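Architecture and fold: a report
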Amino acid sequence: MKDIESKQRRKLLLLAGALAAQASLPMRVARAVTLPSLLGLLKDLLKRYTASIVPVPLNPYFVPQGGPLAVPRPAGAPFSGAGLPGSAAQTSTLVLYDTTGPWGWLGEIYATMAGNLASHFGAWVAMPVASYAAGTLQQYSACIYIGSTYGEPLPAAFLTDVYAGTTNVIWIYDNIWQLTSSQPQFAAQYGFMPSVFDTSPVATVTYKSQSLKRSSANAAGIMSYSTVGAPATVLAECVRADGTMFPWAVRSGNLTYIGEIPFAYMSEGDRYLILCDLLFDALAPMTATQHRALVRLEDLHPLSDPTALLQTAEWLFSQGIPFGFHLTARYLDPNGYYTDGVPLDVPLHTQPLMIAAIRTMQLLGGVMIHHGYTHQYSNIANPYTAVTGDDCEFYRITGSSDGVLTYVGPLPGDTDSSWAQGRFDSYAAELTASTFTMPGISTFPAYSASVPDYQAAARTFAARAERTLYFPGVLTNQTIDYTISAGQYVPYSVQDVYGSKVLPDTLGGIDPDVYHNIPPRLPADIIADAQRTLVIRDGVASFFYNPEDPLSYLQQTVQGLRDLGYQFVSPVDV
């Protein structure tokens, strides 16, 4: 059976993925893109929709299962992040962040993202820079300091240790002037001297002969310099609208300075990738260059078209390309949205042709990926139709007629990890009834979940393949603030703050349709961003494709990535 309705499902994923990439000034920016700006309205909406949720027999509340969350740490204690399994055991990173001022929470968000990236190389510890004690720097292989608060009071011990030490330090954005003013010989020793923030429009940043994108909405300014000379090296350059250039990042000795926050306004093919690559210099300089690619088939469910799936899988197999495929185990239309008011409930085990297609895909190199038990929540729109594939399953999202999505927060009942675990267990039971076993990889529908959901996934699956939402309160062990969210994609596998291995999701998906003011994303766009992703010396170009689109879209994209030198690998090999 042809998928009943794809556009709404795909736009939910598209917009959720956009939110998951809008990491700059997380909710100050994300609200402007996807959310109403009034916090009071959000709270009222949450109360209203909580009261309106009515379970129905076709989609009852799931039986709570699972155990408690991880053992809590004392509030304010340093956050210790585990390195990616297989990373260098002797490599460790200290992540320092700002906490003062009305935007102090930004420091924790940015530290979360920096720590996630650092986990690719080994263990890491995050703490407020105000907590720094003399001699701490020398205990680590590298340090990342994110200056997100203008004028954050930096401990003198930190400034002294940066200047006198040998540990590699990546200093991002603000407060570099505190270091230069504390050391009269700074310019002579390092060969560069920061000046003022340049607010000229900068749409591209060049690095390794590639032109990386920079959002036109980012008007925060980039550090300029009064002096740049030996022994300093310019690593990347900003390109103004008139073609003139100035440094984006410089390095001298053990100090690398980046003149803006790369996590701000990041998107596919963004200058954020420069930071991702510079971490190799600081933590794994002997890493060999390789460029791998990963393709996933999106949003399969019991009513997907087996013929289209097999056509896609057979072509990939003929090209020697392994792949992943996202599978939802139960199709629900509890209100009969597409069936004239007649409720529809189709578990996978009742669809022998679909089961046979999945089995064949596995034989042809396909790796199953959990993608929700029902890919919808209940008999209410979340945010569109309450139908499988159209809606979000693990997070409350509301929508408006003009396409604006409001990310409200956790769903009712989702107060600890047992709520999500119940859905995972229901998924596993349906797979067992369909003669399959639980996959080792998960992708949350619409790239959205609560903190307990992510923690439950860490205990249930070996990895997640997605972009991820992060919230204040995780690093500091405080109450999670769901009014603020930010997202991140990674160009190589990491072990994130939720305790999961997270696979790369660098390129997004092919989407031939225009949605409100969002342009289509065609093979040429995927290929162009894959070329930009080549700046990562050991990165992965990862994209997804919907089998109901013309096969030619997939063929063009695969050929384009191969022409760039990418080698396709299985999700289990990244």
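Before any of the text, the structure's been laid out above.
These remarks concern the structure in this document. (Residues numbered from 1 in each chain as written. Predicted model: local features only at pLDDT ≥ 70, side-chain atom pairs only at ≥ 80, totals over all residues. Heavy atoms only, no water.)

**What to know about the sheet that holds strand E5 (residues 168–173)**
Test applied: For two strands to be treated as a pair, DSSP must find no fewer than two bridges joining them. Secondary structure elements follow DSSP: runs of H or I no shorter than four residues count as helices, runs of E no shorter than two count as strands, and numbering proceeds from the N terminus. Fitted lines through C-alpha atoms serve as axes, helices being fitted only where they are in contact, and the angles separating the N-to-C directions of these axes extend from 0 to 180 degrees. Here a residue-residue contact requires only that any non-hydrogen atoms of the pair lie within 4.5 Å.
Read across the sheet, 10 strands follow the order E1-E3-E2-E4-E5-E12-E11-E10-E7-E8 without closing on themselves; strand pairing throughout is mixed. For this open sheet the edge positions go to strand E1 (79–81) and strand E8 (210–213), each flanked by a neighbour on one side alone. Neighbour to neighbour, the strand axes of the sheet diverge by 20° on average, direction disregarded. Alignment of strand E10 (residues 233–240) against strand E11 (residues 245–252), held across 6 bridges, turns out to be antiparallel. Within E11, the residue paired with Ala236 across the bridge is Ala249. Seen against the sheet, helix H4 (residues 105–118) touches strand E2 (92–97), strand E3 (123–128) and strand E4 (142–147) and runs at an angle of roughly 170° to E2.

**A short note on the packing of helix H9 (residues 306–318) against helix H10 (residues 352–363)**
To be explicit about the condition: By definition in this entry, angles of less than 35 degrees are roughly parallel, angles greater than 145 are roughly antiparallel, angles of 65 to 115 are roughly perpendicular, and the rest are oblique. Residues were grouped as follows: Ala, Val, Leu, Ile, Met, Phe, Trp, Tyr, Cys and Pro as nonpolar; Asp, Glu, Lys and Arg as charged; and all remaining residues, including Gly, as polar.
Contact geometry for H9 and H10: axes closest at 9 Å, N-to-C directions at 10°. Overall, the two elements H9 and H10 adopt an arrangement that is roughly parallel. Along its contact with H9, which presents Pro306, Leu309, Leu310 and Ala313, the element H10 presents Leu353, Met354, Ala357, Thr360 and Met361. Here the residues of the contact of H9 with H10 are counted per class, giving 8 nonpolar, 1 polar and no charged.

**Observations concerning the packing of aromatic side chains**
To be explicit about the condition: What counts as a ring pair is set by centres within 6.5 Å for rings of Phe, Tyr and Trp (its six-membered ring), and what kind of pair is set by the plane angle: stacked under 30 degrees, edge-to-face over 60, tilted for all other angles. Each residue's exposure class comes from its accessible area (1.4 Å probe, protein chains only) as a fraction of the maximum for that residue type: buried when under 20%, exposed when over 50%, partly exposed otherwise.
Tallied over the full model, the rule gives 36 aromatic pairs. For the pair Tyr150 and Trp177, a centre-to-centre distance of 5.0 Å together with 45° between the ring planes defines the contact as tilted. In this pair, Tyr150 is assigned in the loop between E4 and helix H5 (156–164) and Trp177 in helix H6 (residues 176–182), connecting sequence segments 27 residues apart. Geometrically, the ring pair formed by Tyr173 and Phe197 is tilted, given 4.9 Å between the ring centres and 40° between the ring planes. Of this pair, Tyr173 sits in strand E5 while Phe197 sits in strand E6 (residues 192–198), and the two are 24 residues apart along the sequence. Exposure remark for Tyr173: the relative accessible area of 10% places this residue in the buried category.

**Structural notes on the pattern of salt bridges**
Our working definition: What makes a salt bridge here is a side-chain nitrogen of Lys or Arg within 4 Å of a carboxyl oxygen of Asp or Glu, nothing more.
For the coordinates displayed, the defined rule picks out 19 salt bridges. With its nearest N and O atoms 2.9 Å apart, the salt bridge here joins Arg537 to Asp281. You can see Arg537 sitting in the loop between helix H13 (523–533) and strand E26 (538–545) and its partner Asp281 sitting in helix H8 (residues 272–283), a full 256 residues away along the chain. For Arg537, a relative accessible area of 10% translates into the label buried. The class for Asp281 is partly exposed, based on a relative accessible area of 25%. With a closest N to O distance of 2.7 Å, Arg521 and Asp529 form a salt bridge. Asp529 carries the same exposure label as Arg521, and that label is buried. Each of Lys208, Arg251, Asp277, Asp281 and Arg537 takes part in salt bridges that share partners, so that together they form one network.

**What to know about helix H14 (residues 551–563)**
Where we set the bar: One less than the number of residues in a helix, times 1.5 Å, gives the span that helix is expected to have.
Here H14 is 13 residues long and its end C-alpha atoms lie 18 Å apart, about the 18 Å a rise of 1.5 Å per residue gives. When H14 is considered as a whole, its buried residues turn out to be Leu551, Leu554, Thr557, Val558, Gly560 and Leu561. The positive-phi residue at the C-terminal boundary of H14 is Gly565, with phi of around 100°.

**Topic: the nonpolar core**
Our working rule: Side-chain atoms within 4.5 Å are what join buried Ala, Val, Leu, Ile, Met, Phe, Trp, Tyr and Cys residues into a set we call a nonpolar core.
Counting 83 residues, the largest nonpolar core has Leu117, Ile172, Trp248, Phe263, Tyr272, Leu279 and Tyr492 as the members making the most contacts within it. Take this core: its biggest share by element is 10 residues, from H8. If near-sequence neighbours (up to four positions away) are discounted, Tyr272 is found in contact with Leu117, Pro262, Phe263, Met266, Gln488, Tyr489, Val490 and Pro491. Grouped together as the second largest cluster of nonpolar side chains are 38 residues, Leu316, Leu364, Tyr427 and Phe568 included.

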